[in-house]
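A look at the structure
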Amino acid sequence: MKVLKFGGTSVGTKESIQEVLAIVKESFDKGEKPLVVLSAMSGVTNLLTQMAEHAAEGKPFDENLKVLEEKHFDVVKSLIAVKFQNPVFTKLKLMLNDLDEILQGVFALRELSMQSKDLIVSFGERFSNYLVSKIMEQYIPESEYINASHYVKTDSNFGNAHINEELTTQLIHALSYTHADKLLFVTGFIGSNDKGRVTTLGRGGSDYTAAIFGAVLGASVIEIWTDVNGMMTADPRIVKKAFSLPILSYTEAMELSYFGAKVIYPPTMIPAFMKKIPIAIRNTFEPHLAGTVIQFESDKSSYPIKGISSISDISIINLTGSGMIGKSGFSGRLFTMLAREQINVILITQSSSEHSITFAVNPQEVVKALQLIAVEFELELEANKLIMPELEENLSVLAIVGENMKRTPGISGRLFHALGRNGINVRAIAQGSSEFNISVIISKDDLGKALNAVHDAFFAELKKTLHVFNLGTGNIGATLFKQLYEQHDFLLDNNDIEVKVVGISNSRKMHFNEAGINLEDWQEDLESNGEIADLSGFMERMRAMNLPNCVFIDNTASKLPATYYEDIFKSNISIVTCNKIANSGDYAQYRSLRDTARLHGVDFFYETNVGAGLPIVRVLKDLMMSGDRILKIEAILSGTISYIFNNFVGDASFYEVVKKAQELGYTEPDPRDDLGGVDFMRKMLILARDGGHVIEASDVDLGAILPDSCLQAASVDEFYAELLKADQYFNTLKDKAASENKVIRYIGTLKDGKVKISLQMVDSSHPFFALSGSDNIISFTTERYKERPLVVKGPGAGAEVTAGGVFADLINVGAR
Ligand SMILES: NC(=O)c1ccc[n+]([C@@H]2O[C@H](COP(=O)([O-])OP(=O)(O)OC[C@H]3O[C@@H](n4cnc5c(N)ncnc54)[C@H](O)[C@@H]3O)[C@@H](O)[C@H]2O)c1
Ligand SMILES: N[C@@H](CCO)C(=O)O
Ligand code: NA
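Now for a quick tour of the structure. All values reported here derive from a predicted model rather than from experimental measurement. Numbers given for residues are sequential positions, taken from 1 along each chain in its written order. Chains and ligands are labelled sequentially in the order written, the chains with letters from A and the ligands with numbers from 1. Residue-level local features of this predicted model are given only where pLDDT is at least 70; pairs of side-chain atoms are given and counted only at 80 or more, and the full residue set underlies all totals for whole chains, interfaces and linings. Hydrogens are left out, water is left out, and the side-chain values use all remaining heavy atoms of the structure.

Counting from the N terminus, the helices are DSSP H or I runs at least four residues long and the strands are E runs at least two residues long. Across its full length, the protein carries 28 helices and 29 strands. At 37 Å, the protein has a C-alpha radius of gyration far larger than the 28 Å of a compact globule built from 816 residues. Considered along the principal axes of its C-alpha atoms, the protein spans approximately 120 × 80 × 50 Å. Burial here depends on accessible area, computed with a 1.4 Å probe over protein chains only, as a share of the maximum for the residue type. Under 20% is buried, over 50% is exposed, and the range in between is partly exposed. Each of the 816 residues in the protein was classed as buried or not, and the buried ones make up 53%. Throughout, the radius of gyration refers to the C-alpha atoms, and the reference size of a globule is 2.2 Å times the residue count to the power 0.38.

Here it is as structure tokens:
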């Protein structure tokens, strides 16, 4: 047989009652011999309590009596055929009259005992079970209403009565014997004492009733039907990716419930637990879903942890002092005293030096706990063997739970890595020796971020979300958004990565949206909803949003963002940049950026600083890390200049070709950076530094392409004007090269720690002779690649290839 228990929301409306009927009917038709336990209709228990209290205060309660009557009569009218309605109305009316009389008594005496309260409240379950049994009788004549107070025998602890197991077992057996072929609707939550007075079973009472009947009758399963899809991996209001768990062990369910997963109240499961009867949590409104099965054994094949739960508000008290060392009775005294005073200690940790004890309590109990300590340890405090306890507030507990932890090393490593990477400071740690649970105490402000980061870390099969803050919406930024938009579904399906752009700024406006900015019409969104751009404001907002797995992308050419990089790393946010400024400034800054990123466990990726999307930075890094040594680098690393000399042939004018390069998106926002060689210089500097050399921009021997007149131009317009005038200069160069069967190349070399960039004319024997378009080429001569160098070649500028390189860096963030 099966026990089906339905909570208040499941019998809350006529629509939901129809769902219940369908579920019960299906079970009955399948021959599962269900026994049904119902709670009161939702809201009814509260209403009854309120009426009882009003009566005791001499306030009227008949309005509410009317409400109750209507609520139940309504259901009769819509779910029972007219010809069967009258006896049901009569019986309900009789019950309501009983209730009215009892309330009159309370009203007259102005006194509400726990006993009367239990009696009054018990009407909720009596109404609902009687009612639903009568509705069901139309379809299943075997339906019968059972008032459980005749079978569930308890002590006289009204409000929270304890079961008399022996007697209850006998009575339930007798009931099942006399009602063998019936479909019973049993009131949850209520029992009676030895004098036959109605009692209630306290919190989770109807579940308890279901567990008792299930245990006595040896049910194959106890189904708890509610309005959620089972027990979830985390609080779905905070962790959007939380999902319901198919299988949990009793122990896991207890641990998860303890820390806030409120689907069931664990003590109610004990009767089922003792008999190893599985409990299924099902959703009345989505009956096709399997929900969660809580069973005796844990499911060893699934995730290493089962869930993450939390208590959002706790305080910790630290006790420190020499008085504790070697004093075995100390913690005994402390915790016995706290227990005696009914202070619930949520978590305890003690350092192995025995010099300090930390424990967590509810904030409401802090003052009392501190006072108790002051009294209990007065002598120790006076003698300075104990320092005045320290209090820390506004904290939360996050706990990962699961029996599989026991067999899996690296669980705590993964937990702390996820926390550390996201800049979440751990104040205290506790792991039960049972290894079912690791709890950490963190700042309350970090709880949402921590839950999400830890959820991502453990349920890796799930989508990982990167939260992106992007600066710069020009050529590269806009192209990146387009690519991210186009690849969104592919990334999610094939790589389980979701990229959410949550902050955007250009030099005019900035805009934030924690749910992710729609990249199809980001421009419109930024224009109409954006605020005035403000770089330091942008940084503040980025930090304040405190999201997990954050990446800052610098897609500007500005000098300003680089000044914030270190602070960004310190906030445990990774950086991806195509902007070369930060890496080509002072060497000290170059060094310190890397040290800071490493210290905070975040990534700093800048592949597109050199050769756009071509793998150059990455290759050099791999060579260095694997112990190779760079002997020489030779390279053409300006896509713009490459394009210019590849197209400055025949009748073409130099000026026109430069203009064209800018149109094609190869140049820097300011083309003087390209033609003046500064952009190339920056790239060589970065490579030299990544190759292990301590070198400054001023150390680079930078040969010019342009005549002085162009170099000295004060603005871009003036620059173009000068360029137009310099046609003769460039034509001479071109003719000279052509006459010698050579081509013009702007080549950088790194050798013996020295960087030189110069304009050269090379013939067809030179490996850099045959280049086309905006191609870059780089050849690494190393200890290992000595005879024939390692060469990387391909388009080294342009929005698509650059944004693609930024994209690749982005999805590699955190992939270690
Ligand atoms: N074009 C290429 O092939 C290529 C290749 C590799 C790297 N890059 C690098 O890409 C970067 C961007 O180039 P682009 O062509 O997209 O430039 P762009 O001029 O088209 O866009 C720059 C963007 O940055 C914004 N911006 C500037 N200062 C800002 C500030 N203080 N705060 C917020 N936003 C700011 C601007 O409003 C604009 O949206 C440059 O650093 C460049 O070196 C370009
Ligand atoms: N302006 C740069 C873009 C690539 O960094 C170039 O022309 O090479
Ligand atoms: Na690159």
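Here the narrative resumes.
With that out of the way, let us pick up the pattern of salt bridges. One side-chain nitrogen of Lys or Arg within 4 Å of one carboxyl oxygen of Asp or Glu is enough to make a salt bridge. Across all of its chains, the model carries 41 salt bridges by this definition. With a shortest N-O distance of 3.6 Å, K444 and D313 are connected by a salt bridge. On the criterion of sequence distance, the pair formed by K444 in the loop between β16 (437-443) and α14 (447-458) and D313 in strand β11 (residues 307-320) is long-range, its members being 131 residues apart. For K632, the salt bridge goes to E634, with nearest N and O atoms at 3.7 Å. Residue classification places K632 among the partly exposed residues on the basis of a relative accessible area of 26%. Shared partners join several salt bridges into a network, and the residues in it are K2, E26, K30, E32, E223 and R282.

Across soluble globular proteins, nonpolar side chains show a tendency to be buried alongside one another. Definition of nonpolar core: a set of buried residues of the types Ala, Val, Leu, Ile, Met, Phe, Trp, Tyr and Cys, connected through side-chain atoms within 4.5 Å. F469, F552, F654, L723 and F780 are the most contacted members of the largest nonpolar core, which has 78 residues in total. Here the element with the most residues in this core is helix α24 (residues 678-690); it accounts for seven residues. Core analysis: the next-biggest nonpolar cluster, separate from the first, contains 58 residues, I224, I411, L415 and L419 among them.

For the sodium ion (ligand 3), the full set of protein donor atoms is E607 (O), E607 (OE), V610 (O), A612 (O) and L614 (O), at a range of 2.3 to 2.5 Å. Donor residues binding the sodium ion (ligand 3) come from one chain and are separated in sequence as E-x2-V-x1-A-x1-L. Here E607 and L614 have matching classes, each one buried. For Na, K and Ca the donor cut-off is 3.2 Å; for every other metal, N, O and S atoms count as donors within 2.8 Å. Water does not enter the count, which can leave sites looking incomplete.

Looking now at the site of ligand 2. Definition of nearness: a residue and a molecule or strand are near each other if at least one heavy atom of the residue lies within 4 Å of the molecule or strand. If you check the shell around ligand 2, you find 13 residues, and the closest are G639, T640, Y666, E668 and D674. We define a polar contact as two N or O atoms separated by no more than 3.5 Å, with the added condition that, inside protein, one atom must be a possible hydrogen donor and the other a possible acceptor, whereas residues neighbouring each other in sequence contribute only through side-chain atom pairs. Taking K580, its side chain carries an N or O atom lying 2.9 Å from an oxygen atom of ligand 2. Contacts to ligand 2 include D674, whose side-chain N or O atom sits 2.8 Å from a nitrogen atom. Each accessible area value is a Shrake-Rupley result obtained with a 1.4 Å probe; residue values ignore everything except the protein chains displayed when judging cover. Look at ligand 2: alone it shows 260 Å² of surface, and the protein chains cover 94% of it. For the shell around ligand 2, the secondary-structure elements that each account for two or more residues are α21 (639-647) and α24. All residues other than Ala, Val, Leu, Ile, Met, Phe, Trp, Tyr, Cys, Pro, Asp, Glu, Lys and Arg, Gly among them, are scored as polar; the first ten of these are nonpolar and the last four charged. Looking at the shell around ligand 2, its residues break down into three nonpolar, five polar and five charged.

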